[in-house]
Amino acid sequence: MGSLLLGLGSGVIGSFTVLRKQSLLGDTLAHAALPGICIAFMLSGVKSMGLFMIGAIISGMIATLGIHIITSFSRIKQDAALGITLSVFFGVGVVLMTKIQHSGNGNQSGLDKYMFGQAASMMLSDVYLMGTVSLLLILICALLFKEFKLVSFDPGFARGMGLKVAVLEQLLLLMTVVAVVVGIQAVGVVLVAALLITPAVAARYWSDALGVMVILAGLFGALSGVIGTLISSTLSNLPTGPVTVLSSTSIFFVSAVCAPGRGLIAKWIQRVRNRRVIQPNIESVGTHAVLQRTAAVERSTE
Amino acid sequence: MGDFWIILTGSLVAASCGILGCFLILRKMALIGDAISHSVLPGIAIAFLISGSRDSFLMLLGASVFGLITVFLIQLLQRGGLQGDASIGIVFTALFAIGVILISRNASNIDLDLDCVLFGEIAYVQWDTLILNGYDMGPAAVWMLGGTLLVVLAAVGLFYKQFKLCAFDPALAAAVGIPVALFHYLLMGLVSLSTVASFESVGAILVVGMLIVPASTAYLLTDRLSTMLVYSVILGVLCSAGGYYAAKWIDTSIAGSMITVAGILFLLAFIFSPLHGLVARFAKRRRLKRVPMPLN
């Protein structure tokens, strides 16, 4: 149940991040959450999911701020900035984590669970917390759907309409951070990016309308969450996170191959049809130019 | 002696990663390094399952193959009309998931530790020595990393001009007859090779940091590619030495503190670089303001 809601929530948020070309932001945020979690643990000395989430959210926000500063005040590009923040934050996190382990606190054993996640062994209260947060995310998305849509596609126009673009962008960012932090519990630091990206990209194959895409992405995410949890709880020795990710990757593959309009099969049919339309012209004119144009048409349909 | 070997290992990693990182950053492919370092995991796992031992050469081979598969898949998805970063995200998470499943399914009878793959254990480098004809030749990892560095140096040295042109202007490179795709895959092959060679000793995350952070720092310090390469290597060596002593001082993970030092160096360059730093920018703006506006 927890992973269903989680998949739903992160799929919905993910479609916005993918459309805004920030897919790998999720990956960076997940790595950047580690020092926050460690600091929360060091300060409080207890393992409480709520505190960890607050710590992770704070360090995630610092990381996004860092990326923003690096890209806007130097000539370093977005991708390198993401990589720098990711590895440096994670490095600091690892330093803190080993520090905690060396300090011999008997309570620390659960911290490394964050690396790979363990949805199957979560406590009931954790599930409730995750479910509530995911529901909250979905609710905000539903309420502000029109605003988010405008901001994602045409920020300039949104500003012209009198929307507070900066505030909305920050809100979307904050929601991404929250989704990532919740996702870490279930699938772990490395794989949480897949929860955001893969369902959204798969949904993109099926629809051009944002509303449909968001709903589909949520469904795909929920489906892969359920499949992953079921498989990993029936077979022994299978961690939940990777199975969830692989089931959403298979959904992606199915979409990439058979989606109408954009899928491989649909494209192939389109190409054959194009050739049939153009072929008679080539025979009657028979010039090199037409041949080239056929190639151009084929390329443009791809 | 232990100190020396650990710092040497770190420096070798830093040198080969630093050189390759410069090209990755210039081609705006920094995150492909991240993707490769994660997705070589199934290659390592499969090589381990087949051979049943931690035979470094086989692992190197398996992982390099998977590195190239990753690059190929990413390109395939991109050509299919997907955004670049989205396709990177899909490919590496899927491959990493396969790797984790492979390892945890067989976790009971093998001693391949996930933590070790992710974080590395540079502190143990000195115990795993290569013994040739009864002589102790020093740590095996040093030999492997040294070999990798030689390969990287040879490839970049031989084809420096070609790599440079491909990095700055792929279209021109193609026009003058350089096989751009070939060099792309050569670069990617080198990246996977050094990622994998560094894996055992320093772990996946440190590799990403070593690829990107020193090279970015160097990018802020100079405008010449050759200088950038040299700076990046020097910075990498500084990080590994500084990181080691810092880790010893506060008793923590060596790999993590190397990256932390790299991050601090980057921050310093970001603020104080004479060419592109914040201070330099600010000073330049002040100077420009003082110059009277020409009337025209």
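Residues numbered from 1 in each chain as written. Chains lettered and ligands numbered in written order. Predicted model: local features only at pLDDT ≥ 70, side-chain atom pairs only at ≥ 80, totals over all residues.

The name recorded for chain B in an unreviewed UniProt entry is Metal ABC transporter permease, from Paenibacillus anaericanus. Its UniProt record, at the heading Subcellular location (unreviewed entry), says of chain B: "Cell membrane". Listed under Sequence similarities (unreviewed entry) in UniProt, the entry text for chain B is "Belongs to the ABC-3 integral membrane protein family." (UniProt positions renumbered as here; feature names shortened; annotations may be inferred.)

1. Focus: the overall build of chain A
Within chain A one finds 14 helices and zero strands. Counting over 302 residues, chain A shows a buried share of 47%. Sequence-distant contacts, at least 24 apart, represent 71% of the contacts inside chain A between residues at least 6 apart. (Helix = DSSP H or I, 4+ residues; strand = E, 2+ residues; numbered from the N terminus. Buried ≥ 20, exposed ≤ 12 C-beta atoms within 10 Å, placed from the backbone. Contact = placed C-beta atoms within 7 Å.)

2. Let's talk about the overall build of chain B
Scanning chain B from terminus to terminus reveals 14 helices and two strands. Taking all 296 residues of chain B together, 51% fall into the buried category. For chain B, the proportion of contacts with a sequence separation of at least 24, taken over those separated by at least 6, is 70%.

3. Concerning the packing of helix α10 (residues 192-206) of chain A against helix α11 (residues 210-234) of chain A
When two helices pack together, their arrangement is given by the angle between their axes and by how far apart the axes lie. Residue and element names in this part refer to chain A. Two elements in contact, α10 and α11, have axes whose closest approach is 8 Å; the angle formed by their N-to-C orientations is 130 degrees. Comparing the axis directions of α10 and α11 gives the class oblique. Seen along the crossing, α10 lies across α11 with a hand that is right-handed. In contact with L195, P199, A200, A202, A203, R204 and W206 of α10, α11 contributes M213, L216, A217, F220, G221 and S224. Its residues assigned to classes, the contact of α10 with α11 comprises ten nonpolar, two polar and one charged. (Axes fitted to C-alpha atoms, helices over the stretch in contact; angles between N-to-C directions. Parallel < 35°, antiparallel > 145°, perpendicular 65-115°, else oblique. Left-handed = near helix turned anticlockwise from the far one by under 90°. Nonpolar A, V, L, I, M, F, W, Y, C, P; charged D, E, K, R; others polar.)

4. A word on the interface of chain B and chain A
Listed as interface residues are 49 residues of chain B and, on the opposing side, 46 residues of chain A. Listing elements by their share of the side of chain B that touches chain A, those giving two or more residues are α2 (30-39), α5 (84-105), α6 (114-119), α11 (204-221) and α13 (254-272) of chain B. With 14 residues, α5 of chain B is the single largest residue contributor to the side of chain B that touches chain A. Here the side of chain B that touches chain A is composed, by residue class, of 28 nonpolar, 15 polar and six charged.

5. Points about the packing of helix α12 (residues 240-258) of chain A against α5 of chain B
As a packed pair, α12 of chain A and α5 of chain B sit with axes 9 Å apart at the nearest point and diverge in direction by 135 degrees. Taken together, the axes of α12 of chain A and α5 of chain B lie oblique to each other. Handedness of the α12 of chain A/α5 of chain B crossing: left-handed. Across the interface between the two elements, P242, V243, V245, L246, T249 and F252 of chain A of α12 of chain A pack against I90, T93, A94, A97, I98, V100 and I101 of chain B of α5 of chain B.

6. Points about the domain arrangement of chain B
Residues and elements named next belong to chain B. Assigned domains of chain B: these are domain 1 (23-160 + 181-201) and domain 2 (203-284). Between domain 1 and domain 2, the contact holds 16 residues from the first and 14 residues from the second. Broken down by secondary-structure element, the contributors of at least two residues to the side of domain 1 that touches domain 2 are α1 (2-26), α2, α6 and α10 (180-202). Sort the elements by how many residues they give to the side of domain 1 that touches domain 2 and α2 lands first, with five residues. Residue composition of the side of domain 1 that touches domain 2, grouped by class: nine nonpolar, six polar and one charged. (Domains from an automatic or database assignment.)

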